[in-house]
Amino acid sequence: MIGVIADDVTGATDVAAALGRAGLRTVLALNTEAPLSEQDLTTVDAIVVGLKTRSISVAEAVQASLEALRALRSAGATRFYFKYCSTFDSTPEGNIGPVTEALATELGVGTVVTTPAAPIHGRTVVDGHLLVDGVPLQETHMAQHPITPMLDSSLERLLAPQIAGGIGTLQLETVRAGAEAVTAAIAVAATSAGAGRVAHVIADALEESDLRAIAEAVDGHALVAGSAGLVGAIAEREPASGRKLGAPAPGRTAIIAGSCSRRTLEQIAAFRAAGGASHHVVAQPGDSAEGLAAAALAWWDAQPGNASALIYSSSPAAERDARIPNVGELYEDVAGIVARGLSERGVTRMLIAGGETSGAVIRELGTAAAVVGAEAAVGAPWIHDTERDAHLVLKSGNFGGPDFFVDVALAGGTR
Ligand SMILES: Nc1ncnc2c1ncn2[C@@H]1O[C@H](COP(=O)(O)OP(=O)(O)OP(=O)(O)O)[C@@H](O)[C@H]1O
Ligand SMILES: O=C(O)[C@@H](O)C(=O)CO
């Protein structure tokens, strides 16, 4: 069984979608306090644990990730994947490097092949540089990310300050020479770390076939790291159950957006242009999350009974208020309280935009585990919290087409 540790909850649903696409029966665990042993795991091929460790301190991220690893091991997982963001969201301290090394040390693994490449999402790695739709990472909107601005595209330069071990590389021409050549190159790269240290082998990949070659070469590896791309290729090598994934019937939908990513801002604009009702949460210095959420819920209560609607704090960089301390956390708290309020009002279809935002919502809703359904957009599946009978899409900031909010909430469709 494959055990995946994802550093945020939208990333966890992205991985779950990739595993589901490959036909694996996948359980999504979203609350680490609810033990995995409470889940029915008898017919499961993969478990994905969604954490919220991307932007917390290194020590806390390492501890939570190790706890997840131990829970997955006790649940019967034998191979592990550390899922981080396809845009390598991290800081000079971490948490990608330290978490990878902690997991490797716990598993007694000396070499970890790692790549954020996910061609399905337009993320590729060439000569160790991460490109988004062919553009170097630091030239994209990721340079203005509110929590983890990404100012370099060299994965080696991004990872080096985060780790104690060494870095090796797998060039595209080696990857294209096939699995045997990749295996040999990994063995050479493994010597880069020095005794007792972890070797991080950064792999180039431009197309799905490249990921398939890497997946074949890492077949016996206990730990691999990357985005949903490589684990999808690994999953394709497993026997598939062929289970059909479902989506909820169209209906009234609440959208809560805290993502400030360009694609989310486009989706908000398209929703409003299509006549969707929206409420913009804009904090002033001194405002509390409770007060802002109460105002948003009062606005929701004034909407016609069956109308889908959007509550968002998302703003482009130039319009964000630098005077407000811990502004990211404040808006995350607002999103969580609003989601709980909507759930108490009987709303059972919600689309949440943004990984940190989704993490706050899941925590506040108390969702412990969910069944993975059909993809509403590539990498953004419907998930079903059976305990609350709530259907949720936790959308990564950059995922979905510009009309995604319109399609899910106004047209009710599934792509
Ligand atoms: N107007 C705003 N000003 C400053 N920060 C904001 C504002 N609105 C939201 N935020 C914060 O910005 C952060 C957005 O991160 P989040 O992970 O939710 O989105 P994302 O990075 O686009 O998504 P993903 O990580 O899935 O790609 C959150 O902490 C959110 O609370
Ligand atoms: O890898 C991605 O881009 C997403 O799954 C994600 O982690 C965004 O938060």
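Conventions used here
- Residues numbered from 1 in each chain as written.
- Chains lettered and ligands numbered in written order.
- Predicted model: local features only at pLDDT ≥ 70, side-chain atom pairs only at ≥ 80, totals over all residues.
- UniProt positions renumbered as here; feature names shortened; annotations may be inferred.
- Near = placed C-beta within 6 Å.
- Helix = DSSP H or I, 4+ residues; strand = E, 2+ residues; numbered from the N terminus.
- Nonpolar A, V, L, I, M, F, W, Y, C, P; charged D, E, K, R; others polar.
- Pairing = 2+ DSSP bridges.
- Buried ≥ 20, exposed ≤ 12 C-beta atoms within 10 Å, placed from the backbone.
- Axes fitted to C-alpha atoms, helices over the stretch in contact; angles between N-to-C directions.
- Parallel < 35°, antiparallel > 145°, perpendicular 65-115°, else oblique.
- Left-handed = near helix turned anticlockwise from the far one by under 90°.
- Contact = placed C-beta atoms within 7 Å.
- Domains from an automatic or database assignment.

Under an unreviewed UniProt entry, the name given to the protein chain is 3-oxo-tetronate kinase, and the organism recorded is Leucobacter komagatae. Per UniProt, the protein chain has the following entry under Sequence similarities (unreviewed entry): "Belongs to the four-carbon acid sugar kinase family." Here is the UniProt Function (unreviewed entry) comment for the protein chain, exactly as written: "Catalyzes the ATP-dependent phosphorylation of 3-oxo-tetronate to 3-oxo-tetronate 4-phosphate."

Asks: Any chance you could explain the site of ligand 2 here in plain terms?
Replies: Around ligand 2 sit Asp-8, Thr-10, Gly-11, Asp-14, Cys-85, Ser-86, Thr-87, His-121, Ser-227, Ala-228, Gly-355 and Ser-396, and that is every residue in its neighbourhood. Examining the composition of the shell around ligand 2, we find that three residues originate from one element, helix H1 (residues 9–21), more than from any other. Partitioning the shell around ligand 2 into residue classes produces two nonpolar, eight polar and two charged.

Asks: Honestly, the sheet that holds strand S7 (residues 129–132) in this entry has me stumped. Any pointers?
Replies: Backbone hydrogen bonds are what pair the strands of a sheet, in a parallel or an antiparallel way. Strand order in the open sheet formed by three strands is S6-S7-S8, with antiparallel pairing between adjacent strands. Pairing within the sheet leaves two strands with one partner each, and these edge strands are strand S6 (123–126) and strand S8 (135–136). Where S6 and S7 come together, four bridges link them in antiparallel fashion. Bridging across to S7, Val-125 finds its partner in Leu-130.

Asks: I'm lost on unusual backbone geometry in this one. Help?
Replies: With the exception of glycine, the majority of residues adopt a negative phi angle, and the majority of peptide bonds are in the trans configuration. Each neighbour pair has its own omega, and for Gly-94 with Asn-95 the value is 15 degrees, a cis peptide bond. Mapped onto the elements of the fold, Asn-95 is located in the loop between strand S4 (79–83) and helix H3 (96–107). Here the phi dihedral of Asp-389 falls at roughly 50 degrees; this positive angle occurs in a residue that is not glycine. Here Asp-389 shows up in the loop between strand S17 (380–385) and strand S18 (390–395). The class for Asp-389 is exposed, based on 9 C-beta atoms found within 10 Å.

Asks: Explanation requested: the packing of helix H10 (residues 289–301) against helix H11 (residues 327–344) in the structure shown.
Replies: Helix packing for two helices is described by the angle between their axes and how far apart those axes are. Two elements in contact, H10 and H11, have axes whose closest approach is 8 Å; the angle formed by their N-to-C orientations is 40 degrees. Here H10 lies oblique to H11, going by the angle between them. Read as a crossing pair, H10 and H11 show a hand that is right-handed. Contacts between H10 and H11 involve Ala-289, Glu-290, Leu-292, Ala-293, Ala-296, Leu-297 and Trp-300 from the former and Leu-330, Asp-333, Val-334, Ile-337, Val-338, Gly-341 and Leu-342 from the latter. In terms of residue class, the contact of H10 with H11 is made up of eleven nonpolar, one polar and two charged.

Asks: Is there a simple way to explain the domain arrangement of the protein chain in this structure?
Replies: When the parts of a complex come together, some accessible area is lost, and that lost area is often taken as the interface size. Here the protein chain is partitioned into domain 1 (2–236) and domain 2 (254–410). For domain 1 and domain 2, the distance between their C-alpha centres works out to 27 Å. At the junction of the two partners, domain 1 supplies 27 residues and domain 2 supplies 25 residues. The set of elements that each furnish at least two residues to the side of domain 1 that touches domain 2 consists of H1 and strand S2 (26–29). The dominant element in the side of domain 1 that touches domain 2, judged by the number of residues it contributes, is H1, at eight residues. Partitioning the side of domain 1 that touches domain 2 into residue classes produces twelve nonpolar, eleven polar and four charged.

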